[in-house]
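# Working through the structure, step by step
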Amino acid sequence: MRERDLPGALTDTGYGVRMARSRTRIWYALAACGIATSCVGTIDDPPGGAPPSSALPPDIADEIERTGCTDFDIGEGPMRRLTATEYANSVQAIFGVDADVSFFAADEHVGPFRFNTEGAVTNAHVGQYMDAAEAIAASAVSAPGVLPDCATGSADAACARELVERLGLRVFRRPLSAGEVDELAALHATGSGFADGARLVVQAMLQSPHFLYVLEHGDAAAASGGLVPLTSYEIAARLALFLWASAPDDELLAAAAADELREPEQVGAQARRMIDDPRAMQQAMRFYFEWLGLDGTDSVTGIDDLVKDAEAYPEFTDTLRASMKNETVTFLRDLHERHGALGEMFTATASFADAELARHYGIAAPASGGFGPVELDPGERSGLLTQATVMSVYGSASQSSPVHRGVFVLERVLCRALPPPPPSVNAQPPEPDPNVPRRAQFEQHRADPACASCHSLIDPVGFGFEAYDGIGRFRTVDGGEPVDDTGEITLDGTPHAFDGAVELSGLLAGSDDARSCFALQWFRYGVARLESPADACGLEAIARGFAESGYDVREVAVLVAKSALFRYRRTPEGE
Amino acid sequence: MPASIRLDRRRFLRMAGAGAAAGAIAPFLPIFESGVSAGGEFPHRHVVFHTGNGTVHDAWRPSGSETSFTLSRILAPLEAFKDRLVICDGLNQRVFDTGPGRPHGRAAAQLLTGFPLTADSDGAAGGMSVDQFIAGELRDRGLARTPFRSMELGAFRVTHEFLFSGPNLPIPQEADPRRAFERFLAGAGGGDGATVDPRIAQRLAERGRVFDVVASQIRGVEGELRGSDRERMQRHLAAIESVQAELAATAMPRGACSVVSPDFGGIGDPRSSAMYPVVAPLHCSVARLALACDQTRVVSIILGTSGNTRLYPTWLGISDEHHDIGHRAGGDSGMREKQIRIEEYHAGLFRDFLTELDSVDEGGPGQSLLDHSIVVWINSLADGGHGMVNLPVVIAGSGGGVLRTGRFMSFGGASHCDLLTSLCHLMGLGDVAKFGDPSFGSGPLSGLA
């Protein structure tokens, strides 16, 4: 593998630094804190060369014109297998049946998001798919509207074909070939009656590679410069998975049938329709919780499972925890519903609480009673990052956690890659000591030159949240001393000193680094892969569109859907 | 009583010794034919029992000499099995210091493969795990023709990968013991040992027709794919074919093996922390049943995976999280005590598992299922702070007399890869020179076998 250093990667901006995953073979050069001299990542050179711009289709040329890019290309992505959520939502949309997928093997991750793009299906998976398909099929054949009308009378082979074609279109997200219909109709004929045959057909469809995987070939005849436009059915499938985590609905299938999902404006119009659907809001919430790690990461516990030290935080009850989550969800929903700007996510002081959470925040309970809008103290709170959910998830069991909070901002909010902690060094946080300020306990990181290369970047960001304890309560004194929550962060290439998380959030709200990271995370969510250097031009076009929208948090999904990165695929080597 | 099992020894041996007769029930494989000699010997089994987040070494290490030693506080629950154990000290996971990956992910993926990770991804193992290797060799060499090659169980939420069928090919563990029972044992038992229940036969045929269509579709798709996508599709097809064989084999009634389902009531969410003390012993019971009925000869039970598994041992009166406790046990006496108590608890679970295995009589005194097994209790970390020196390893059972037990051994910092090599040898695969990355191993542990 060829590697090149990206000096100063942590302070780099935009798309230069990638999350490390095996697929792209991007990984970190420095193995251990004890060896490191600087906190840098490494990255592969992009494979192959970009196609000449002259060979590009006209709609991509438009994107190039917008950005001034001369080397437009698209990164390759692996085939994806449906997640448990996508599987269950699809079954619900197609058959009106609630599928139990609780026993499915855990989904993989691509960056912060749940996607299955690497591992192979094992015997255990096959057994799970078989069991799920048998249970769903048994329910589906008695669910209203699943069997065709002809099945009630003298059911014959033609009726079976109608069943296979109609269900197949939805389950495979495209019309079936004649051969596929033949094969499934033959299976139907082995049943002990029409409904029994239908049960077998549904079983086979739900275990089919055409359902379980997103298989994309594109319209090879329209390929140009190694870039292949996806077919309208493939776009419909992508849109449904991206915006709803589900199967295409009637309207998408009709648009696909008319081959009207090829032009950016056509795709954009469908995306706009779809994001007004309640399913899109659910999917947006999944985006936020996965992006921000609020349902857990490999180093912190998610809000639903969060437990705190009962002695340190007797106030952290199940009801308070639920209210915290409710605040975050309601806050983000509200932001989306009113097409709020990304900056507001970092700076808004208008939020939502019930009496218990209001007491936690030191404010009056909402006038409405129950759970309602509140106004937070602008000297203490500023948007999402200072919410109790975020501070609790990124807090230890009995104290604040500057390292987790610093890494959270750098990796999740700013898309900066950090090397993993050194393997053989005990990554043990200092024991909380009521007589010593938390901040002072972490000075070891700065004092030890082996650790300082990374922690001199992480800790000064995390210290900015020292005014919030392990459950997100505001504090002015810690360890018997006034809280010191001053810090430093480099944004858009410029180092900034700040005093507390309110100032830090204000800096993030105005930074291009945070904006392009937000757009980048939506891109990853949209195409189920990490970016590669080849995607730089397309990502730039999305980022510009995001700026033109006034950083509308809701618009970015439409921009991703319209992007050539979403609508095309790169011909893999050897094809 | 959660479970009971009745093994009719004479029938078992009759079947075991009657390979030719069993062959009459083709197309189903004669299940007891190969692993059991005409003399009526019972097969040897390989079991991994993993617990995570490290131990407290000075509360784990026994005192005394190889053959005259006193169990430590953590291992005290194993007193009744003391003369049937080999306690292995001085094994280091040297692989740990190389390659990419985050500490717990690499600790997990490297433990049983003996290879460094190839990328910063939990699934990017460098090779096959030892359980899968042994299972594959037993089958390929005709030493075992059990319905299932291997069995993978995992109490609690799995956040890291331990078991691999090859590089980058993680194998999930079944988290729900009820599902594991249905998959591995529901078809076993009952009947006259020769004919298949017609309802089961019908279901099998139906599944076969469905699988045929799915397999045909996969074959059609596979040719259009390239590279790793194509490989993934080929593996999917292979898995379908393998499951079909498993279903066919489990449909064959096992006249010699009568299985009563354990009591799965009250499991709730088997992945929840609170259910751990219910689910973990049930996994052990299902494993024991599967081994006793010779459904498989290789079992891995992955309990409490290392890392942020959000295991809160509230049933021990401990409200902190296990991973957090592990990290802090080195510097905080309160946390150290909690870590020791969790380890004692796991020692008790292991003892109960050994007791279950020992309750299956396979030929009189000194001939229990435990005696015919090699059961390894291992931890992917030496201590909760990512330490890799002195992994806690306890081997129980003698593998049919291959292993001399009742010993406490220290291997002076040998690579844990050598333990993996020894595990192969103990299962009769003596031609394995080095398991795992050869640059980290030097052969089987000296003096073990």
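So, how was this worked out
Residues numbered from 1 in each chain as written. Chains lettered and ligands numbered in written order. Predicted model: local features only at pLDDT ≥ 70, side-chain atom pairs only at ≥ 80, totals over all residues. Heavy atoms only, no water. Helix = DSSP H or I, 4+ residues; strand = E, 2+ residues; numbered from the N terminus. Buried < 20%, exposed > 50% of the residue type's maximum accessible area, 1.4 Å probe, protein only. Contact = heavy atoms within 4.5 Å. Areas by Shrake-Rupley, 256 points an atom, 1.4 Å probe, with all protein chains shown as cover. pLDDT = per-residue confidence, 0-100. Buried area = accessible area lost by both parts, 1.4 Å probe. Salt bridge = Lys/Arg side-chain N within 4 Å of Asp/Glu carboxyl O. Polar contact = N/O pair within 3.5 Å; in protein donor to acceptor, adjacent residues only side chain to side chain. Nonpolar A, V, L, I, M, F, W, Y, C, P; charged D, E, K, R; others polar.

## Overview of the overall build of chain B
Within chain B one finds 12 helices and 11 strands. Going through the 449 residues of chain B one by one, you find that 63% of them count as buried. By sequence separation, contacts in chain B at least 24 residues apart represent 71% of the contacts at least 6 residues apart. For chain B, the accessible area works out to roughly 14,700 Å², and carbon and sulfur atoms hold 51% of it.

## Quick look at the confidence of the model for chain A
Residues and elements named next belong to chain A. Across chain A, pLDDT averages 88, with 88% of residues at or above 70. Note on residues 1–37: pLDDT under 50 across the span, and 110 contacts to partners over four residues away in sequence or across chains. In this model residues 41–48 is a low-confidence stretch, pLDDT under 50, and it forms 30 contacts with partners more than four residues away in sequence or in other chains.

## Focus on the interface of chain A and chain B
Contacts between chain A and chain B engage 75 residues on the former and 62 residues on the latter. With both sides pooled, the region where chain A packs onto chain B buries about 5,700 Å², and carbon together with sulfur makes up 53% of that total. Here chain A and chain B share 4 salt bridges between them. Linking A:D131 and B:R179 is a salt bridge whose minimum nitrogen-to-oxygen distance equals 3.1 Å. At the boundary of chain A and chain B, one finds 17 residue pairs in polar contact (both at pLDDT 80 or more). When residues of the side of chain A that touches chain B are traced back to their parent elements, those giving at least two are helix 3 (123–140), helix 5 (178–189), helix 6 (194–206) and helix 7 (209–212) of chain A. Of the residues forming the side of chain A that touches chain B, the biggest block, 9 residues, is contributed by helix 3 of chain A. Taken together, the residues of the side of chain A that touches chain B sort by class into 35 nonpolar, 25 polar and 15 charged.

## Re the environment of B:P116
Residue and element names in this part refer to chain B. Within the fold, P116 resides in the loop between helix 4 (103–111) and helix 5 (130–140). Once the C-alpha coordinates of P116 and D358 are considered, the two residues, 242 residues apart in sequence, prove to be 36 Å apart. Not counting residues up to four positions away in its chain, the partners in contact with P116 are V95, T98, G99, Q110, A125, G126, D437 and F440.

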